[in-house]
Amino acid sequence: MSVYTVVERAQLVAHLTHYDLGHLVSFQGISSGIENTNYFVTTTRGQYVLTLFEELKAEELPYFLTIMAFVSAKDVPSAQPILNKAGNYLSTLNGKPAAMVEKLAGTDVDSPNSTQCAVIGQAMANLHLASLELDIYRDNSRGAHWRQQAAELLLPLVDQDSAELINSELAFQAPYDTLGLPKSVIHADLFRDNALFSGDQLSGIIDFYYACNDYFTYDIAVAVNDWCINTNGSLDNTRFKAFMSAYQAIRPLTEDEVRHWPIVIRAAAFRFWLSRLRDVHFPKEGEMTHLKDPDAMKQILLARRELPNNYCFE
């Protein structure tokens, strides 16, 4: 979440007349995150998050907002989008598609413990099972095709060691699209900063704007690569077991999911390394922006390559 499009107070006051949310008290830009413009908004009736979508088009957004409303209704802790007076989740502000979402209690977790990892694993499994009822589809915008294109864009710009790593991973992950693993709607970006906790209790999952239809294990891989890591990029065994035990108590993995796990977990690390490299080499302009260090994700990818026994299932 960043601020690329500035919203003036008068604009927001006028915008809120389209909602039954009371009158504006205060608002503040949010600097964390990468893709969209976000503000905390406090009104006389409550607290909300205003998102202006910088890359996604209006016709793409019903997919994400439908997922958010659906999973919230299915008792998966998550932020509920707010309908405007016309009965729509989507509106327009300052020339950009925009949505209001309830602001959840709690904060993100810097150093998750095993209980919090188990809670996230359980919530993800419930989300995956619930998503099987959704008859909607969207390709992963950061899937295998995107990874190939991003790699080709970055190869002339990176050092030799990074270039060799990129080419090696492209070769290893070449079968990704043909694995035929169980799939449906996934979050695809469930990092620590996309879940809010009050102590060990999950207030909710936020920021579904990378959601897509892809392998369930890809969603798991994205999460454990952030929630369960040590400082050297390896997985912490206790937290990883806690996450997977809680997940599999609800949705056990298939034999194929276990067999192809190395490809999928490395694909997840590769995707975020490439996207962070791209953000560094091709930064977007904004009033407040937040870039994540590509070297941190590169270290995670290297750990997955060099320590395959570290992320095996028992």
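Residues numbered from 1 in each chain as written. Predicted model: local features only at pLDDT ≥ 70, side-chain atom pairs only at ≥ 80, totals over all residues. Heavy atoms only, no water.

Q: Any chance you could explain the sheet that holds strand E3 (residues 46-52) here in plain terms?
A: For sheets, the rule is that strands pair by backbone hydrogen bonds, running either parallel or antiparallel. The sheet built from 5 strands is open, its strands ordered E1-E2-E3-E5-E4 with antiparallel pairing. A single partner strand is all that each edge strand has here, and the edge strands are strand E1 (24-29) and strand E4 (90-93). When the angles between neighbouring strand axes are averaged without regard to direction, this sheet yields 35 degrees. In the sheet, strand E2 (residues 37-43) pairs with E3 via 7 bridges, with the strands oriented antiparallel. Bridge pairing in E3 links Val41 to Tyr48. With respect to the sheet, helix H1 (residues 9-16) is in contact with E1, E2, E3, E4 and strand E5 (96-102), its orientation differing from that of E1 by roughly 125 degrees. (Pairing = 2+ DSSP bridges. Helix = DSSP H or I, 4+ residues; strand = E, 2+ residues; numbered from the N terminus. Axes fitted to C-alpha atoms, helices over the stretch in contact; angles between N-to-C directions. Contact = heavy atoms within 4.5 Å.)

Q: Would you explain the nonpolar core in this entry?
A: The nonpolar side chains of soluble globular proteins are, as a tendency, buried together. Tyr218, Ile220, Trp227 and Phe243 are the most contacted members of the largest nonpolar core, which totals 85 residues. Grouped together as the second largest cluster of nonpolar side chains are 16 residues, Val3, Leu21, Tyr39 and Tyr48 included. (Core = buried A, V, L, I, M, F, W, Y, C linked by side-chain atoms within 4.5 Å. Buried < 20%, exposed > 50% of the residue type's maximum accessible area, 1.4 Å probe, protein only.)

Q: Would you explain helix H10 (residues 294-306) in this entry?
A: Within an α-helix, residues lying three or four positions from one another point in the same direction, as the helix has 3.6 residues per turn. Taking 1.5 Å per residue as the helical rise, H10 with its 13 residues ought to reach 18 Å, and the 18 Å between its terminal C-alpha atoms agrees with that figure. Among the residues of H10, Pro294, Met297, Lys298, Ile300, Leu301, Ala303 and Arg304 are the ones counted as buried. Against the buried residues of H10 lie helix H5 (160-172), helix H6 (216-227) and helix H9 (261-281). If you check the start of H10, you find a side-chain oxygen 3.0 Å away from the backbone N of Asp295, and it comes from Asp293. (Expected span 1.5 Å × (residues − 1). Polar contact = N/O pair within 3.5 Å; in protein donor to acceptor, adjacent residues only side chain to side chain.)

Q: Is there a simple way to explain the pattern of salt bridges in this structure?
A: Close approach of charged atoms allows side chains with opposite charge to pair. Considering all chains together, one arrives at 11 salt bridges under this definition. For Arg305, the salt bridge is made with Glu169, and the minimal N-O distance between the two is 2.6 Å. Of the two residues, Arg305 sits in helix H10 while Glu169 sits in helix H5, which places them 136 residues apart along the sequence. Residue Glu169 is classed as buried on the basis of its relative accessible area, which comes to 0%. Several salt bridges share partner residues, and in doing so they unite Glu169, Arg266 and Arg305 into one network. (Salt bridge = Lys/Arg side-chain N within 4 Å of Asp/Glu carboxyl O.)

Q: I would appreciate a short explanation of a nonpolar patch on the surface in the present structure.
A: On the surface, Leu153, Leu157 and Phe282 cluster together into a nonpolar patch covering about 260 Å² of accessible area. Structurally, Phe282 can be placed in the loop between H9 and H10. Residue Phe282 is classed as partly exposed on the basis of its relative accessible area, which comes to 40%. (Patch = residues over 30% accessible without salt bridge, like charges linked within 9 Å, V, L, I, M, F, W, Y side chains within 5 Å. Areas by Shrake-Rupley, 256 points an atom, 1.4 Å probe, with all protein chains shown as cover.)

Q: Looking at this structure, I do not really get the pairing of E5. What am I missing?
A: Sheet faces and side chains relate simply in a regular strand, where the side chains alternate between the two faces. Across the 7 residues of E5, 5 count as buried, placing the element largely inside the fold. Sheet topology places E3 next to E5; 5 bridges connect them, and they run antiparallel. If you follow Thr51 over to E5, its bridge partner there is Ala99. When E4 meets E5, the two strands line up antiparallel, connected through 4 bridges.

Q: How do you make sense of the pairing of E4 when you look at a structure like this?
A: Here E4 shows a clear split, with Ser91 and Leu93 buried on one side and none of Leu90 and Thr92 buried on the other. Between E4 and E5, which follow one another and run antiparallel, lie 2 residues, and Asn94 among them has a positive phi close to 55 degrees.

Q: Before we go on, may I ask you to explain the packing of H5 against H9 in this structure?
A: Helix-helix packing: each pair is described by the crossing angle between the helix axes and the interaxial distance. Axis separation between H5 and H9 bottoms out at 10 Å; the angle between their running directions is 140 degrees. The orientation of H5 relative to H9 falls into the category oblique. Taken as a pair, H5 and H9 cross one another with a handedness that is left-handed. When H5 is examined against H9, the residues Ser162, Leu165, Ile166, Glu169, Leu170 and Phe172 are found in contact with a partner set consisting of Pro262, Ile263, Arg266, Phe270, Trp273 and Leu274. (Parallel < 35°, antiparallel > 145°, perpendicular 65-115°, else oblique. Left-handed = near helix turned anticlockwise from the far one by under 90°.)

Purely geometric stuff here, so don't read any function into it on its own.
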